Structure formats: C-alpha cells, structure tokens
Amino acid sequence: MKLMRNSERSTFLTCRHRWALTWVLGRQTINQPTALRFGDLVHQALAAYYIPGRKRGPAPAETFARLYEEQAQALHEGYGFNVFSDEAWVDALDLGKGMLTRYVEEYAPDDAMYEVISSEQVFQVLVHHDLSRSMRFKAVGTLDGVWRHLPTGRIIFKEFKTATAISQDALALDEQASMYWTFGPRWLRRHGILKEGEDIDHILYTFLRKAVPNPGYKYDDEGRKLNKDGSISKVQPSPFFLRVPVYRDQADKRTFYERLVAESVDMFILRAAMGAWQENGRRDLPPMVYKNPGGLAFPNCRGCPVRESCEVHESGGDWMSVLDQITIPWDGYTAHELPERR
C-alpha cells in the first residue's frame, strides 16, 4: 500500500518535476551522504535525552558529540570524506554542544512538569476515503515527542525546530504538524495511549536558534546581555530558544484531511503516468510533470538535487544521462517500512 509522508507532499506541491525524479524515480543527490544534517543530529540527541518516563537520559551535548564523531568516522571510511576540510562540519561540533548545553539549562525546570510517553515515534495510519481502492494510502510521520503534562494530565505533541532565526509565522498552518494533528491521535488511541474521549491538547513548539552567546559579553542569570558596568543592555540579542503552544481543533483536522485526499488523487494519477512513461521507453516526460521554478530568482530551484538534469531537460538534451551521473538510488520511506517503535 502507498505511504504518504509530508516531505513527499511538500516536494510535489513545490515542483512536480522534482517530485517525479526524486520520489517516483527514487533518485537523490550523490553528495547527500556527506552533507551535514545538523538538525537531525540535534533531534537524535534530544530523543536520547527525553527517554520515556520522568527521568532524563544522557546530556544532549554529549550525545550530539558522540553522534557527530560516529558520522564523521563513517563518512571517512565509506566515502573518504574528511569532515575537517568542510567549514560547516568544523563549526557544527562546538555549535551543537553549546546550543544543547544551554538548552538544558533553560528548560530543565519546566521539563520536570512533563512525563515523556514517546520520542521520535514513527506512526502509520490508513486514510479512509470514498475513492477507488487502488488509491488507498497510509499517512506516515515521525512525532518528535508525545508528552503528558503532569499537573493537568493533558497529552501534547512536542515539535523541535532548529533555525538560524526564530519565526512564529503561520505555525497554525504548519503542514507537517497538520499531518501529526490529524492522524497522530488515531495511532495513539490504537495503542492505548489516548483513552476514549481524550485528545491532544496542543502542539508545543520549541525553537533552538543556531547560535551561542558571544563570549566577549557578560550575561546575567536570565541570559540578558550586560553592559560593562553590570547594568542590563538596552540592545539584546535575538532569543536563543522559544517555546510556543499552538492550539488546533476538529475543524483543522477536517480541512487538512480533505486537502490531503485531494492532493493524493493528483499524485496517484501522476504516478500512473510516470509508470506508463517508464514502460514506453522513457521518451518525453508526461506533460503533467511540469516544472515550477517559483517566480523571481527561482527560489524553488535552490538546493534542488536534480537541478542540473532539469536544466539539460529544459534545453532538450540527454537529461537522463546527467541524472544518472549526479544522483544515486534513494528511498524516502525506509524508516517507515520498519516496525513501529513503541
């Protein structure tokens, strides 16, 4: 049965050409294995810290450093890649350790009010609709955290975000969270975590800005920058962390559900067209698999793993040969084909 995760939806809505080459043909940039996944390392470190129960696991900064070293060694042995020749890799170790050390200092008191039910929880939920059985699919995702607020007993979803700048814009429209909000509770009920009549109270976002305090400045116990005379400076840096609760309701679920089903129809039709294209000798791509550069300055092309082959395709060249040269086989659903972690 077809699986549907938000990453695939996002690519499809951004550019159908990119979606067809990456998610349907299963190709990804050949440089991807050596790319620094800073946010992923932070998520793994926090998952190891927020173990089920009220106690906490190893310090996230220590876990981050261990994962960093393990990935660096694996890249050296598997690809001959030296992380110390890459500026992003060199800077990431101290940045990650510094961020996570301060994160614990910032939130340890608040976290004492929560019991962790699960971290990095993979879920799969069948999406019921009135369409053809050939168009049935499962919504899949990974919940950063499922927590219980001890004073009230309410259950919340936890969502971590790392960013160079913290922005709260349009959190109520966050498509990834919409997937979790709509289908996560059904999975929790199936596993006895949510009782009949219970629901998720809210999504608690935690932002971690990719920065650490300037060592040339002094700060007070609340993290405020001080002047040389010890007074509080009028010019403060942007916050390093922020927690924001976002409340959704049943209307949000209905709206997202209807949108997801409508999008899935287009995706099934295009997958079938791509299947026919592969069977018929891979000549011209189906017209429905069109490109979307995104307007002025082509924002959708930035960081696109198949951009080079796309440009060759645009000029009528042998784009398939270029695609084979710049990409490797890839499966975006590998984690979701494993048994669900409880």
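Structural notes, computed from the coordinates.

This brings us to the overall build of the chain. For the chain, the helix and strand inventory stands at nine helices and ten strands. By its C-alpha atoms, the chain is 75 × 55 × 40 Å across when sized along the principal axes. The buried share of the chain, taken over its 342 residues, is 43%. Sequence-distant contacts, at least 24 apart, represent 72% of the contacts inside the chain between residues at least 6 apart.

Note that Q278 resides in helix α7 (residues 250-279). Judged by relative accessible area, which is 34%, Q278 ranks as partly exposed. Between the C-alpha atom of Q278 and that of V146, which follows or precedes it by 132 residues, the distance is 42 Å.

What follows is about the packing of aromatic side chains. Evaluation of the coordinates by the stated rule reveals 19 aromatic pairs. Both rings, one in Y68 and one in W89, keep their centres 5.2 Å apart while their planes meet at 55°; by these two values the pair is tilted. With a gap of 21 residues between them, Y68 in helix α4 (residues 60-79) and W89 in helix α5 (residues 87-111) connect regions that are remote in the sequence. Residue class for Y68 comes out buried when judged on its relative accessible area of 1%. A relative accessible area of 0% means that W89 is categorised as buried. With centroids separated by 6.0 Å and ring planes inclined at 70°, the aromatic side chains of Y103 and F241 adopt a geometry described as edge-to-face. With Y103 in helix α5 and F241 in strand β9 (residues 241-246), the pair connects residues that are 138 residues apart, well separated along the chain.

Right, let's get into the packing of α4 against α5. Between α4 and α5, the least distance of the axes is 8 Å, while the angle of their chain directions is 160°. The orientation of α4 with respect to α5, classified from their angle, is roughly antiparallel. Crossing of α4 over α5 shows right-handed handedness. Along its contact with α4, which presents P60, A61, F64, A65, Y68, E69, Q71 and L75, the element α5 presents W89, V90, A92, L93, G96, K97, L100, T101 and V104. When the residues that make up the contact of α4 with α5 are grouped by side-chain class, the tally is twelve nonpolar, three polar and two charged.

On to the side chain of E8, then. With respect to the element layout, E8 can be found in helix α1 (residues 6-14). Reaching out from E8, the side chain makes a polar contact with the side chain of K2 at a distance of 3.0 Å. In contact with E8, other than residues within four places in its own chain, are K2, L3, W19, W23, M267, R271 and Y333.

This paragraph deals with the side chain of Q28. With respect to the helices, strands and loops of the structure, Q28 is situated in strand β2 (residues 27-29). We classify Q28 as buried; its relative accessible area is 10%. Here Q28 is in contact with P305, I326, T327, I328 and W330, once residues within four sequence places are set aside.

Within the element layout of this structure, D324 appears in helix α9 (residues 319-326). Given a relative accessible area of 47%, D324 falls into the partly exposed group. Counting along the chain gives 15 residues from D324 to S309, while the straight-line C-alpha distance between them is 9.0 Å.

Further remarks concern α7. In this model α7 runs 43 Å from its N-terminal to its C-terminal C-alpha over 30 residues, within 8% of the 44 Å that 1.5 Å per residue would give. Among the residues making up α7, those that are buried are K253, F256, L260, V261, E263, S264, M267, F268, L270, A273, M274 and W277. The N-cap residue of α7 is D249: its side-chain oxygen and the backbone nitrogen of A251 are 3.1 Å apart.

Rules and cut-offs
Residues numbered from 1 in each chain as written. Predicted model: local features only at pLDDT ≥ 70, side-chain atom pairs only at ≥ 80, totals over all residues. Heavy atoms only, no water. Helix = DSSP H or I, 4+ residues; strand = E, 2+ residues; numbered from the N terminus. Buried < 20%, exposed > 50% of the residue type's maximum accessible area, 1.4 Å probe, protein only. Contact = heavy atoms within 4.5 Å. Phe/Tyr/Trp six-rings, centres within 6.5 Å; stacked < 30°, edge-to-face > 60°. Axes fitted to C-alpha atoms, helices over the stretch in contact; angles between N-to-C directions. Parallel < 35°, antiparallel > 145°, perpendicular 65-115°, else oblique. Left-handed = near helix turned anticlockwise from the far one by under 90°. Nonpolar A, V, L, I, M, F, W, Y, C, P; charged D, E, K, R; others polar. Polar contact = N/O pair within 3.5 Å; in protein donor to acceptor, adjacent residues only side chain to side chain. Expected span 1.5 Å × (residues − 1).

Read these as layout, nothing more, since geometry by itself doesn't imply function.
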